[in-house]
Amino acid sequence: MPRRSEKLFAEAQRYLPGGVDSPVRAFRAVGGSPRFIARGKGPYLFDADGKKYIDYVGSWGPLILGHAHPKVVAALQKAAKLGTSYGAPTELETTLAKLVVKAFPSIEMMRFVSSGTEACMSAIRAARAFTSRDKIIKFDGCYHGHSDGLLVKAGSGGATFGVPDSAGVPAAYAGLTLVAKYNDTDSVEGLLKANKGEVAAIIVEPIAANMGVVPPKPGFLKVLRSLADAHGALLIFDEVISGFRVALGGAQELYGMKADLTCLGKIIGGGMPVGAYGGRREIMERIAPLGPAYQAGTLSGNPLAMTAGIETLKLLSKPNVYKRLEKTSAKLEVGLRTAARDAHRDVAITRIGSLLTLFFAASSADSWDAVAKADRKQFGDFFHKMLKSGVYLPPSQFEAWFVSLAHNDADIDKTVKASAKALAT
Ligand code: KE4
């Protein structure tokens, strides 16, 4: 463990719970202490001791262009000189909204917020306001941010620390959240029938990425669409990770579907704090000041975040961007599969576009129950061996690896070589 990070970690723990501002960063799932990062450039992170890493966290998704992209940095520098936040409307918000709406035909009207948590929380409120129903259905292993009603059988940190049901959430709130099994439409139909006329919405990660990457089985999403329609519930796609990640138009473009409401975040802020929710106009017209459902935010749509988002989405709208990302990500997947086979290791690898997870000792990876059996200790051991070789993976078995447009063939070769070494011992 390098010295400076260790010193910084000890000091941080005096002020911040676990020394971090978000639990998964604390390395609790993999052991050891987190590296304190001094800067990022392209696909690389540099820690407080000057060690360089090939980064597959990318700030948990936003940095699809890589760290400190020159065009994004230049645009931010220019914007900052004009002021950082006005608390009043600006043209920038409409500019970014147009880019989002162009990519997501199901979004007729939307609102910017400052995190994916706010986006999902607000989308649920919009759904409840529109349907006048209270219950929601979510899926085990899926994570939609930390608002009270959604911290039930949550993925990401909830799965990592085995606290899918957080303390501090009143049973009255949690009781309104029904939990179905991901990739199991019978479990959804059962809940809808047992709660006839009471379910406002089904919220789902169309590509689950908070239990590690668990792709939707063929037909799963289409059946959710028809079940929601049959029961008068709204279908909410939480595309905070998949939006602008697996395609410009996210999972809805990839699978040719339309959600009633969509939650976005991460990439649309280009590394600055942004979330958004939006969908059918008649639903969004329930949101204040137009309608009776209140939702607000001091820094919502602030000019710096909008600027970073605009620059990022403009760069992602260029031709062949996703083709290039697919090529790099496929090269990584093939390399990992070969390394695991040569090392006779029992792994399951899932990948959709530039989202990938390597599960240890998991026969299949098509549900929470299946991936929950993954061997966390083996992952922790692999994680630290990769870290030692200069490869920075998400510090949890239940997270996605993120490949960026900045990763080149040499980075992938180095990563595969490090994985072969790590898997062999
Ligand atoms: P934020 O509030 O963290 O911006 O977004 C919440 C959220 C909503 N929906 C999905 C599908 C998400 O993946 C997230 C946040 N993702 C986690 C990583 N799996 C953020 C990392 C963290 O918690 O530090």
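Residues numbered from 1 in each chain as written. Predicted model: local features only at pLDDT ≥ 70, side-chain atom pairs only at ≥ 80, totals over all residues. Heavy atoms only, no water.

**Student:** Talk me through the overall build of the protein chain; I want residue IDs and the actual numbers.
**Tutor:** Along its length, the protein chain carries 15 helices and 14 strands. Taken against the 2.2 N^0.38 rule, which gives 22 Å for 425 residues, the C-alpha radius of gyration of the protein chain at 21 Å falls within 12% of a compact globule. Across its three principal directions, the C-alpha atoms of the protein chain cover 55 × 55 × 45 Å. Within the protein chain, the fraction of its 425 residues that count as buried is 56%. Within the protein chain, counting contacts between residues at least 6 apart in sequence, those at least 24 apart form 71% of the total. Counting every atom, the protein chain has about 17800 Å² of accessible surface; 56% of that belongs to carbon and sulfur. Here the protein chain holds 53 positive side-chain charges and 39 negative ones, and the gap between their average locations is 6 Å. (Helix = DSSP H or I, 4+ residues; strand = E, 2+ residues; numbered from the N terminus. Rg over C-alpha atoms; globule rule 2.2 N^0.38 Å. Buried < 20%, exposed > 50% of the residue type's maximum accessible area, 1.4 Å probe, protein only. Contact = heavy atoms within 4.5 Å. Areas by Shrake-Rupley, 256 points an atom, 1.4 Å probe, with all protein chains shown as cover. Lys, Arg positive; Asp, Glu negative; His and termini not counted. Charge placed at Lys NZ, Arg CZ, Asp CG, Glu CD.)

**Student:** Outline the pattern of salt bridges, listing residues and values.
**Tutor:** Applying the stated criterion across every chain, the model contains 17 salt bridges. With its nearest N and O atoms 3.0 Å apart, the salt bridge here joins E333 to R337. In this pair, E333 and R337 are both assigned in helix α12 (residues 321-342), four residues apart and thus about one turn of the helix distant. By relative accessible area, E333 is classed as buried at 16%. (Salt bridge = Lys/Arg side-chain N within 4 Å of Asp/Glu carboxyl O.)

**Student:** Which residues make up helix α11 (residues 303-316), and what values do they have?
**Tutor:** End to end, α11 covers 20 Å across 14 residues, agreeing with the expected 20 Å (1.5 Å per residue, within 8%). Burial analysis of α11 places 13 of its 14 residues in the buried class, which makes it a mostly covered element. (Expected span 1.5 Å × (residues − 1).)

**Student:** I'd like a rundown of the site of the ligand, residues and numbers included.
**Tutor:** Within the structure, the ligand sits among 17 residues, and S22, T117, N210, D238 and E399 are positioned closest to it. N210 is positioned such that a nitrogen or oxygen atom in its side chain is 2.4 Å from a nitrogen atom of the ligand. In the model, a nitrogen atom of the ligand is placed 2.7 Å from a nitrogen or oxygen of the D238 side chain. Calculation on the ligand without its partners gives an accessible area of 540 Å², and the protein chains cover 87% of this total. Split by residue class, the shell around the ligand holds five nonpolar, eight polar and four charged. (Near = heavy atom within 4 Å. Polar contact = N/O pair within 3.5 Å; in protein donor to acceptor, adjacent residues only side chain to side chain. Nonpolar A, V, L, I, M, F, W, Y, C, P; charged D, E, K, R; others polar.)

**Student:** Provide a residue-level description of the pairing of strand β7 (residues 199-204), including the pertinent values.
**Tutor:** Where burial is concerned, most of β7 is hidden: six out of the six residues are buried. Sheet analysis places strand β5 (residues 135-139) next to β7, joined by three bridges and oriented parallel. When the sheet's bridge partners are listed, I136 is paired in β7 with A201. Both β7 and strand β8 (residues 234-238) contribute to a ladder of four bridges, which runs parallel. The partner of A201 across the bridge, within β8, is L234. Remark: the β7/helix α8 (residues 220-230)/β8 crossover connection has right-handed handedness. (Pairing = 2+ DSSP bridges. Right-handed = clockwise from strand over helix to strand, strands pointing away.)

**Student:** Which residues make up the side chain of N183, and what values go with them?
**Tutor:** By the element assignment, N183 lies in the loop between β6 (177-180) and α7 (185-194). There is a polar contact of 3.1 Å between the side chain of N183 and the backbone oxygen of P215. From its side chain, N183 meets the backbone nitrogen of K217 in a polar contact 2.6 Å long. If we ignore the near neighbours within four places in the chain, the residues touching N183 are V214, P215, P216, K217, F220 and D366.

**Student:** Describe the sheet that holds strand β14 (residues 401-402), listing the residues and the values that go with them.
**Tutor:** With respect to topology, three strands assemble into an open sheet ordered β11-β12-β14, the strand pairing being antiparallel. The strands lining the two open edges of the sheet, one partner per strand, are β11 (347-352) and β14. The strands touched by α12 within the sheet are β11, β12 (355-360) and β14, with β11 carrying the most contacts at an inclination of about 175°. (Axes fitted to C-alpha atoms, helices over the stretch in contact; angles between N-to-C directions.)

**Student:** Give a detailed account of the packing of α12 against helix α15 (residues 409-424), specifying residues and quantitative values.
**Tutor:** Each packed pair of helices is defined by two parameters, the angle between the axes and the distance between the axes. Orientation of α12 relative to α15, taken along the N-to-C sense of each, is 20°, at an axis distance of 9 Å. For the element pair α12 / α15, the angle class is roughly parallel. Once α12 is placed against α15, the crossing between them reads as right-handed. Packed against α12, whose contacting residues are T328, K331, L332, G335, L336, A339 and A340, the element α15 presents D409, I412, D413, T415, V416, S419, A420 and L423 at the interface. Residues of the contact of α12 with α15, tallied by class, amount to eight nonpolar, four polar and three charged. (Parallel < 35°, antiparallel > 145°, perpendicular 65-115°, else oblique. Left-handed = near helix turned anticlockwise from the far one by under 90°.)

**Student:** Pulling in residues and values, what's your account of the pairing of β5?
**Tutor:** Across a regular strand the side chains alternate sides, sitting on one face of the sheet and then on the other. The element β5 is extensively covered by neighbouring structure, given that five of its five residues are classed as buried. Burial along β5 is two-sided: the residues K135, I137 and F139 and I136 and K138 are all buried. As paired strands, β5 and β6 are joined by four bridges and run parallel to one another. By the bridge assignment for β6, I136 is matched with T177.

**Student:** Describe the nonpolar core, with residues and values.
**Tutor:** With 35 residues, the main nonpolar core has Y56, L332, F382, L393 and W401 as its most contacted residues. For F382, the residues in contact, after removing those within four places along its chain, are F360, L393, W401, S419, A422 and L423. Ranked by size, the runner-up nonpolar core spans 34 residues in total, among them Y182, V204, A208 and W368. (Core = buried A, V, L, I, M, F, W, Y, C linked by side-chain atoms within 4.5 Å.)

**Student:** Could you give an account of the packing of aromatic side chains, naming the residues involved and the relevant values?
**Tutor:** Enumeration according to the criterion identifies 13 aromatic pairs in this entry. Taken together, F27, Y56, F360, F379, F382, F383 and W401 form an aromatic cluster joined through their ring pairs. If you follow R39 out to its NZ or CZ, it ends over the ring of F46, 3.8 Å from the centre. Seen from the ring of Y44, K52 lies directly overhead, with NZ or CZ sitting 4.1 Å from the centre. (Phe/Tyr/Trp six-rings, centres within 6.5 Å; stacked < 30°, edge-to-face > 60°. Lys NZ or Arg CZ within 6 Å of the ring centre and 35° of its normal.)

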